[in-house]
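# Chain and residue survey
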Number of protein chains: 2
Amino acid sequence: MRNVDRATLGGNLRIDQVLESATRLFTEKGYEAASVRDLAAELEIRPSSLYHHFPGKQHILFAICMRMQTDFNAEVIPELLANRPPDEAIASAVRRHVLFGQRRKGEVVVNIRERRSLPAEQLAQVNGLRREYRDTLARVIDAGCRQGSFRVGDPKLAAMAIVDMINGLPHWFKPRDEQDLERVADLYAHAALALLRGWETDPVS
Amino acid sequence: MRNVDRATLGGNLRIDQVLESATRLFTEKGYEAASVRDLAAELEIRPSSLYHHFPGKQHILFAICMRMQTDFNAEVIPELLANRPPDEAIASAVRRHVLFGQRRKGEVVVNIRERRSLPAEQLAQVNGLRREYRDTLARVIDAGCRQGSFRVGDPKLAAMAIVDMINGLPHWFKPRDEQDLERVADLYAHAALALLRGWETDPVS
DNA sequence: TATTGTCGATCGAACGATCGTTAGGGAAAG
DNA sequence: CTTTCCCTAACGATCGTTCGATCGACAATA
């Protein structure tokens, strides 16, 4: 019956399907409110079958958060570490951050809103990756200050402010089309630079 | 036994106690994960007694969100409507927004992260109050643009970006003392103005 | 080619725990 | 004698999870 699907698409397709359906469910109803039975129903299998692929509900949430954050770091951090002026690095990273947040909107929202339901140890792993990104961003901001492009007294605070601003986007922004998305990504890159350049500059009136 | 408490502190003290404990519980464990029994235990009463004060669990969440957002609007929106230059209005509102977010941190975090668990009608009420604030903010930004202080092409987008930035604070910022809090409030006010003034200005190099 | 054995994936059925909520009664206060 | 507040007890529903059997695909063997 399903041999066609399985033979065609390979082995761990089911795991991806589970993560995809779980992401949608967790986004819509929240992790705690979404039941294993809901998830099984979406996949058209019985609840017990899920435990063949995952040892428990929490591990599904963990897999979603961890995979998302790993991919994110792999995609955005290199933009910050590339050898170029800090403002170009920031603008490029912010752009990628915004685009990632839309391309993987479901996982991003789940990671932001639901990861606190993880047990302490798994939560610490995810938070470690997040801190890695923030610290890298703060370091580039600091470099930009010493070089004179930016004027912020507290690079870590500035990094958090920018990250919070960008991470808010996936919660409400629905781009009309690809062009609209590019526009906002560029706009946010400009916004971040405006922030960093003018933060502690007195208004020139 | 409890007549002393009741006589001393008045009638609807219990309701405030419920909301306070519920806020703490919802913040720590999330609305869905926090059970009515947990809440009753914190208040040292039996679960059934809670239903004397509230018709159900959802109404407690609704009361928290609604009260918080009502108080917020009453405290911050007037700063935007006061008769003065847009940049002063924005700076003052952002300051108040930051301070409110710390003073009522628990309720703010619950409102942000848990209100989606509300039934559609109650959710719409809370969202209506939020939109009222955002629209007012956007209108002041627009005024600042026409007056020449700000340079943003999309006032609503700018308002969302600023609100997201400020609303991120209560999730992680732990001020050392009152002075530290004031410092960050002022810093964020400056940040908002830097954003609005430089958003679409080309870097002056 | 026909038969057997292995193994991953799924199933039905059920476990104990916990969920939000209700019914009905009792004690204290005005 | 009513009202307010809290109690004990329990309801049915749903939760995450476990257990053992079954099904189909495939490789090895006769």
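Residues numbered from 1 in each chain as written. Chains lettered and ligands numbered in written order. Predicted model: local features only at pLDDT ≥ 70, side-chain atom pairs only at ≥ 80, totals over all residues. Heavy atoms only, no water.

## Things to note about the overall build of chain A
- Of regular secondary structure, chain A possesses ten helices and zero strands.
- From first element to last, N terminus to C terminus, chain A shows the α and β order α-α-α-α-α-α-α-α-α-α.
- Judged by the C-alpha coordinates and their principal axes, chain A covers about 70 × 40 × 30 Å.
- Look at the contacts in chain A between residues 6 or more apart in sequence, and 70% of them connect residues 24 or more apart.
- Element-wise, carbon and sulfur atoms account for 50% of the exposed surface of chain A, whose accessible area totals about 10,000 Å². (Helix = DSSP H or I, 4+ residues; strand = E, 2+ residues; numbered from the N terminus. Contact = heavy atoms within 4.5 Å. Areas by Shrake-Rupley, 256 points an atom, 1.4 Å probe, with all protein chains shown as cover.)

## Examining the interface of chain B and chain A
- Tallying the contact residues gives 30 residues for chain B and 30 residues for chain A.
- Carbon and sulfur atoms make up 62% of the surface buried where chain B meets chain A, a total of about 2,700 Å² over both sides.
- In terms of surface lost to chain A, no three residues of chain B exceed B:Arg116, B:Leu157 and B:Trp199, which account for 22% of the buried area on that side.
- One salt bridge in this structure joins A:Arg183 and B:Asp154, with 2.8 Å as the shortest N-O distance.
- On inspection of chain B and its partner chain A, the count reaches eight residue pairs in polar contact (both at pLDDT 80 or more).
- Looking at the side of chain B that touches chain A, the element that brings in the most residues is helix α10 (residues 178-198) of chain B, giving nine residues. (Buried area = accessible area lost by both parts, 1.4 Å probe. Salt bridge = Lys/Arg side-chain N within 4 Å of Asp/Glu carboxyl O. Polar contact = N/O pair within 3.5 Å; in protein donor to acceptor, adjacent residues only side chain to side chain.)

## Describing the packing of helix α5 (residues 57-81) of chain A against helix α6 (residues 86-103) of chain A
Residues and elements named next belong to chain A.
- With their axes 8 Å apart at the nearest point, α5 and α6 run at an angle of 160° to one another. With respect to each other, α5 and α6 are oriented roughly antiparallel. Regarding α5 and α6, the two cross each other, and that crossing is right-handed. For the pair α5 and α6, contact is made by Met68, Asp71, Phe72, Glu75, Val76, Glu79 and Leu80 and by Ala89, Ile90, Ser92, Ala93, Arg96, His97, Phe100 and Arg103, respectively.
- Taken together, the residues of the contact of α5 with α6 sort by class into eight nonpolar, two polar and five charged. (Axes fitted to C-alpha atoms, helices over the stretch in contact; angles between N-to-C directions. Parallel < 35°, antiparallel > 145°, perpendicular 65-115°, else oblique. Left-handed = near helix turned anticlockwise from the far one by under 90°. Nonpolar A, V, L, I, M, F, W, Y, C, P; charged D, E, K, R; others polar.)

## Description of the domain arrangement of chain A
Residue and element names in this part refer to chain A.
- Here chain A is described as being made up of domain 1 (1-54) and domain 2 (57-198).
- Averaged C-alpha coordinates put domain 1 and domain 2 at centres separated by 29 Å.
- At the interface, 14 residues of domain 1 touch 15 residues of domain 2.
- Together, the buried faces of domain 1 and domain 2 total about 1,300 Å²; carbon and sulfur atoms form 70% of this surface.
- Ranking the residues of domain 1 by area buried against domain 2 places Leu19, Phe26 and Tyr31 at the top, with a combined share of 47%.
- At the junction of domain 1 and domain 2, the tally comes to one salt bridge.
- When the shortest N-O distance is used, the salt bridge between Arg67 and Asp16 registers 3.8 Å.
- Counting across the interface, domain 1 meets domain 2 through five residue pairs in polar contact (both at pLDDT 80 or more). (Domains from an automatic or database assignment.)

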